[in-house]
Amino acid sequence: MRLRDDVAKVLISEETLQARVAEIGRELNATYTDEDRPLLVAVLKGAFVFLADLTRHLEMRHEVNFMEISSYGTGTKSSGVVRILLDLEQNIEGRHVLIVEDIVDSGRTLEYITRNLQTRRPTSLRVCTLLSKPSRREVGVTVDFVGFEVPDEFVVGYGLDFAEEYRNLPFIGVLKEKVYAGQ
Amino acid sequence: MNTIIPNAIERVLLDEETIAVRVHELAVQISTDYVKSDNLVLIGVLKGAFIFMADLARCLTVPHHVDFIALSSYNRGTVSTGAVRLIMDTRASVTGRHLLIVEDILDTGYTLDYLLRTFRARNPASLRTCVLISKPDRRQVEVPVDYLGFEIPNEWVVGYGLDYSDRFRTLPYIGVLKREMYK
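To keep things clear, this report deals only with the structure shown in the data block. (Residues numbered from 1 in each chain as written. Chains lettered and ligands numbered in written order. Predicted model: local features only at pLDDT ≥ 70, side-chain atom pairs only at ≥ 80, totals over all residues. Heavy atoms only, no water.)

**A closer look at the environment of Leu-100 of chain B**
Residue and element names in this part refer to chain B.
And step 1. By secondary structure assignment, the location of Leu-100 is in strand β5 (residues 98–106).
And step 2. In the structure, Leu-100 is positioned 27 residues away from Leu-127 in sequence and 5.9 Å away in space, judged by C-alpha atoms.
And step 3. Setting aside residues up to four positions removed in sequence, Leu-100 forms contacts with Ile-30, Tyr-34, Leu-40, Val-41, Leu-42, Ile-43, Arg-128, Thr-129, Cys-130 and Tyr-147. (Helix = DSSP H or I, 4+ residues; strand = E, 2+ residues; numbered from the N terminus. Contact = heavy atoms within 4.5 Å.)

Structure below.
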């Protein structure tokens, strides 16, 4: 398959991913109760694969919702302010909310989303991310559940894309430099 | 995987293994059919299709993009009237591309019929549908399904993306809801 040929190395295998996602599921099962009825908020598109696997491990009553965001383009990178293309259906006031992300990089987008949702007065607001690149962090954000800390490499697969491709690889791979060079 | 069967579930209709095998078969078929088209876009209908999409895409061997749309019916309730509101459109333009609409369930057919008309008007290179579950007894309008997972009787099913008032959506299997839950 052509997509796999573009991958320099497998950083996290499918088996390792699945085992860790199951562990995070257990951590969430220990954190929330049926009565909490947490609302999992996934940020599209990257998080949909992680969300699909993670939620199948959950044993407490919960709901799933989606947000889609888009950056405003030039000039707003430093503020992290994004345009909300799809907002939550529900009012989250008084709810336990868990943001589900594929990756936390600079942390700016997450920081903005967290601030935005916090203004809606949830009872609790936590963050769960599959990957974190701590070396890229520019703002302090609290991440409650982390799947893997990864080095600052161009990672794809399991929801993460490059130019909309490679999202469907069942593992996390590092993209060959020649693929993204010049972009 | 969460194998707990809640009290609200009367029985398991399609277990994880059965679903996984069928999803893989669909992916093989799709990968064969689209092997020569380099412009395939899977369009997932939120929220129900996200689990099916995550599993289906990972089994595909042809390059493709993934996009999501979100719909809302104009009147609340369990009976579809056909008119739906597109609350989030695709991120990318679909004109001239090969579109595959990915749906969790085909019931009356109104929604899928509406989506087909909507996307056909945008002049895609081709337009097909992939549906995990079909309830032929419920059909009000005929819609073509190119890739079908399972035909099931007219029972209220939940799990693998399908919900009852946002509950039971992430069960890893498809189960039949007890009648007393919705009567």
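Structure's up, so let's keep going.
**Describing the interface of chain B and chain A**
And step 1. Taken together, the 30 residues of chain B in the interface contact 36 residues of chain A.
And step 2. In total, chain B and chain A occlude about 3000 Å² of area from one another, counting both sides; carbon and sulfur atoms represent 61% of this.
And step 3. The largest per-residue losses of area from chain B upon contact with chain A belong to Arg-58, Arg-91 and Thr-170 of chain B, which jointly make up 22% of the total buried on that side.
And step 4. Here chain B is connected to chain A by 5 salt bridges.
And step 5. Across the pair Lys-45 of chain A and Asp-67 of chain B runs a salt bridge, and its minimum N-O distance is 4.0 Å.
And step 6. For the side of chain B that touches chain A, the secondary structure elements donating two or more residues are α2 (50–59), β3 (65–73) and β4 (84–88) of chain B.
And step 7. At 7 residues, the largest contribution of residues to the side of chain B that touches chain A is made by α2 of chain B.
And step 8. Its residues assigned to classes, the side of chain B that touches chain A shows 18 nonpolar, 5 polar and 7 charged. (Buried area = accessible area lost by both parts, 1.4 Å probe. Salt bridge = Lys/Arg side-chain N within 4 Å of Asp/Glu carboxyl O. Nonpolar A, V, L, I, M, F, W, Y, C, P; charged D, E, K, R; others polar.)

**Quick notes on the sheet that holds strand β5 (residues 96–104) of chain A**
Residue and element names in this part refer to chain A.
And step 1. One open sheet accounts for 6 strands, arranged β4-β3-β2-β5-β6-β7; its pairing is mixed. Since the sheet does not close on itself, it has two edges, and those belong to β4 (82–86) and β7 (145–149), each with one partner. Neighbour-to-neighbour, the strand axes of the sheet open up by a mean angle of 30°, direction not taken into account.
And step 2. Across 6 bridges, strand β2 (residues 39–44) lies against strand β3 (residues 63–71) in parallel orientation. (Pairing = 2+ DSSP bridges. Axes fitted to C-alpha atoms, helices over the stretch in contact; angles between N-to-C directions.)

**Some details on unusual backbone geometry**
And step 1. The omega torsion of the bond from Leu-44 of chain A to Lys-45 of chain A falls at -5°, within 30 degrees of zero and hence cis.
And step 2. When you line up the elements, Lys-45 of chain A lands in the loop between β2 and α3 (48–55).
And step 3. Following Leu-46 of chain B, the chain continues to Lys-47 of chain B via a peptide bond in cis, the omega torsion being -5°.
And step 4. Tracing the backbone shows Lys-47 of chain B in the loop between β2 (40–46) and α2.
And step 5. Its identity is not glycine, yet Tyr-166 of chain A carries a phi of approximately 75°, on the positive side.
And step 6. Here Tyr-166 of chain A shows up in the loop between β8 (155–156) and β9 (172–175).
And step 7. What makes Tyr-166 of chain A buried here is its relative accessible area of 3%.
And step 8. For Asn-123 of chain B, which is not a glycine, the phi torsion comes out positive at approximately 55°.
And step 9. Inspection of the secondary structure puts Asn-123 of chain B in the loop between α3 (110–120) and β6 (126–134). (Buried < 20%, exposed > 50% of the residue type's maximum accessible area, 1.4 Å probe, protein only.)

**Some thoughts on α3 of chain B**
Each α-helix turn comprises 3.6 residues. Residues three or four places apart therefore point the same way.
And step 1. Looking at α3 of chain B, one finds that the buried residues are Leu-112, Leu-115, Leu-116, Thr-118 and Phe-119 of chain B. Down the axis of α3 of chain B, the smallest arc covering the buried residues is 165°, so these residues share one side. (Arc of directions from axis to C-beta.)

**Brief notes about the sheet that holds β2 of chain B**
Residue and element names in this part refer to chain B.
And step 1. Sheet architecture is open: 6 strands sit in the order β4-β3-β2-β5-β6-β7, paired in mixed fashion. Two strands in the sheet have a free side with no partner beyond their single neighbour: β4 and β7 (147–151). The average angle at which neighbouring strand axes cross in this sheet is 30°, direction not considered.
And step 2. Judged from the 8 bridges that link them, β5 and β6 form a sheet pairing that is parallel. Paired with Leu-106 across the strands is Ser-134, a residue of β6.

**Looking at α3 of chain A**
And step 1. Counting buried positions along α3 of chain A gives 8 out of 8 residues, so the element sits mostly inside the fold.
And step 2. When we look at burial in α3 of chain A, the residues that qualify are Phe-48, Val-49, Phe-50, Leu-51, Ala-52, Asp-53, Leu-54 and Thr-55 of chain A.

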